[in-house]
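Observations on chain architecture
Spelled out, the chains give:
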Number of protein chains: 2
Amino acid sequence: MTAAPLTPREAERLAALLKAVAEPTRLRLLSLVAAHEGQEACVCDLTEPVGLSQPTVSHHLKVLVDAGLLEREKRGVWAYYRLVPARLGELSAALLPRA
Amino acid sequence: MTAAPLTPREAERLAALLKAVAEPTRLRLLSLVAAHEGQEACVCDLTEPVGLSQPTVSHHLKVLVDAGLLEREKRGVWAYYRLVPARLGELSAALLPRA
């Protein structure tokens, strides 16, 4: 939490970002991508570990891309998802209690 | 995000905690308490800044208490809410991207 109280607008923005991650499957997907080599993974790497269909996994990944937490790149037949550490860091810092 | 992917159970637990804060009014209440002297505030200090009724504010504060992010203490006629920095720190750390 910042030293000054959040404005309504700041609170709306932060809540929207938190809603994107406040979902168990999306948290698992983020952590799977983060743990993958180069912090990048293909949808094909992610469906089996979470035990969900590819369309469902793609939907959750889209929410994370829209929130700026993952970047999507199409290579050949597969889409690859890369972690955006700065965005997660921003979210983490926004919640950090001040001393 | 941790070095190892989150287990389903860890993801459920973290998502529940994130859901408690993924709401604009609750974020504003947390930041108001954090900015208040001694990181503690009375409901009577909080209703006017967020522009909501006392029952609504009390409901949101209860969600934050249930999530362990605030501690509640009744003193006289008012309930006082104190920030639990360790709990917010835990949430912040869980989202921190590893190097």
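Residues numbered from 1 in each chain as written. Chains lettered and ligands numbered in written order. Predicted model: local features only at pLDDT ≥ 70, side-chain atom pairs only at ≥ 80, totals over all residues. Heavy atoms only, no water.

1. Thoughts on the overall build of chain A
Regarding its fold elements, chain A presents 5 helices and 3 strands. Reading chain A from its N end, one meets helices and strands in the order α-α-β-α-α-β-β-α. For the C-alpha atoms alone, the extent of chain A along its principal axes is close to 45 × 25 × 20 Å. When the 99 residues of chain A are sorted by exposure, 45% land in the buried category. Sequence separation of at least 24 residues holds for 54% of the intrachain contacts in chain A that already meet a minimum separation of 6. (Helix = DSSP H or I, 4+ residues; strand = E, 2+ residues; numbered from the N terminus. Buried < 20%, exposed > 50% of the residue type's maximum accessible area, 1.4 Å probe, protein only. Contact = heavy atoms within 4.5 Å.)

2. Structural notes on the sheet that holds strand 2 (residues 70-75) of chain A
One key point about sheets: their strands pair by backbone hydrogen bonds, in either a parallel or an antiparallel sense. All names here are of chain A. Reading across the sheet, the 3 strands line up as 1-3-2 and stay open at both edges, with antiparallel pairing between neighbours. Across the chains shown, the open sheet's two edge strands, defined by having one partner strand only, are strand 1 (40-42) and strand 2. Taking the axes of each pair of neighbouring strands and ignoring which way they run, one obtains an average angle of 25° across the sheet. (Pairing = 2+ DSSP bridges. Axes fitted to C-alpha atoms, helices over the stretch in contact; angles between N-to-C directions.)

3. A word on the relation of the copies chain B and chain A
By a simple turn and slide, chain B fits onto chain A: the slide is 0.0 Å along the axis, the RMSD is 0.0 Å, and the turn is 180°. In symmetry terms, the pair is related by a two-fold rotation axis. Across chain B, the rotation axis passes nearest the C-alpha of B:Ser92, at a separation of 2.2 Å. Both copies contact each other with a shared surface, as 100% of the interface residues of chain B are interface residues in chain A too. (Least-squares fit on C-alpha atoms with pLDDT ≥ 70 in both.)

4. A look at the interface of chain B and chain A
Facing the 34 residues of chain B at the interface are 34 residues of chain A. For the pair chain B and chain A, the number of links is 5 residue pairs in polar contact (both at pLDDT 80 or more). At the level of elements, helix 1 (8-21), helix 2 (24-35) and helix 5 (85-95) of chain B are the ones that each hand at least two residues to the side of chain B that touches chain A. Classifying every residue of the side of chain B that touches chain A by side-chain character gives 24 nonpolar, 5 polar and 5 charged. (Polar contact = N/O pair within 3.5 Å; in protein donor to acceptor, adjacent residues only side chain to side chain. Nonpolar A, V, L, I, M, F, W, Y, C, P; charged D, E, K, R; others polar.)

5. What to know about the packing of helix 2 (residues 24-35) of chain A against helix 1 of chain B
It is at 8 Å that the axes of helix 2 of chain A and helix 1 of chain B come closest, and there the two elements cross at 115°. Seen along the crossing, helix 2 of chain A lies across helix 1 of chain B with a hand that is right-handed. Residues A:Pro24, A:Leu27 and A:Arg28 of helix 2 of chain A touch helix 1 of chain B, and the partners they reach there are B:Pro8, B:Ala11, B:Glu12, B:Leu14, B:Ala15, B:Leu18 and B:Lys19. Counted by class, the contact of helix 2 of chain A with helix 1 of chain B contains 7 nonpolar, no polar and 3 charged residues. (Left-handed = near helix turned anticlockwise from the far one by under 90°.)

6. Thoughts on the nonpolar core
In terms of nonpolar packing, the biggest core is built from 62 residues, with A:Leu18 and B:Leu18 touching the most fellow members. Beyond its immediate chain neighbours, meaning those up to four positions away, B:Leu18 contacts A:Leu18, A:Val21, A:Ala22, A:Leu27, B:Leu91 and B:Leu95. (Core = buried A, V, L, I, M, F, W, Y, C linked by side-chain atoms within 4.5 Å.)

7. Description of the packing of helix 3 (residues 43-50) of chain A against helix 4 (residues 54-66) of chain A
Residue and element names in this part refer to chain A. As a packed pair, helix 3 and helix 4 sit with axes 9 Å apart at the nearest point and diverge in direction by 110°. With respect to their mutual orientation, helix 3 and helix 4 come out roughly perpendicular. Side by side, helix 3 and helix 4 meet where Val 43, Leu 46, Thr 47 and Val 50 of the first sit next to Gln 54, Val 57, Ser 58 and Leu 61 of the second. Its residues assigned to classes, the contact of helix 3 with helix 4 shows 5 nonpolar, 3 polar and no charged. (Parallel < 35°, antiparallel > 145°, perpendicular 65-115°, else oblique.)

8. Details of the sheet that holds strand 1 (residues 40-42) of chain B
Residues and elements named next belong to chain B. Taken in spatial order, the 3 strands of this open sheet run 1-3-2, and their pairing is antiparallel. Edge positions in the open sheet fall to strand 1 and strand 2 (70-75), since each of these has one partner strand only. Neighbouring strand axes in the sheet, compared pairwise and without regard to direction, differ in orientation by 25° on average. Bridge count for strand 2 against strand 3 (residues 78-83) is 6 bridges, and the pairing is antiparallel. Residue pairing for strand 3: Glu 71 is matched across the bridge by Arg 82. Sitting on the sheet, helix 3 (residues 43-50) is in contact with strand 1 and strand 3, with an inclination near 80° to strand 1. Sitting on the sheet, helix 4 (residues 54-66) is in contact with strand 2 and strand 3, with an inclination near 125° to strand 2.

9. A word on the packing of aromatic side chains
By the definition in use, this model includes 0 aromatic pairs over all chains. Over the aromatic face of A:Tyr80 sits the side chain of A:Arg75, whose NZ or CZ is 4.3 Å from the ring centroid. (Phe/Tyr/Trp six-rings, centres within 6.5 Å; stacked < 30°, edge-to-face > 60°. Lys NZ or Arg CZ within 6 Å of the ring centre and 35° of its normal.)

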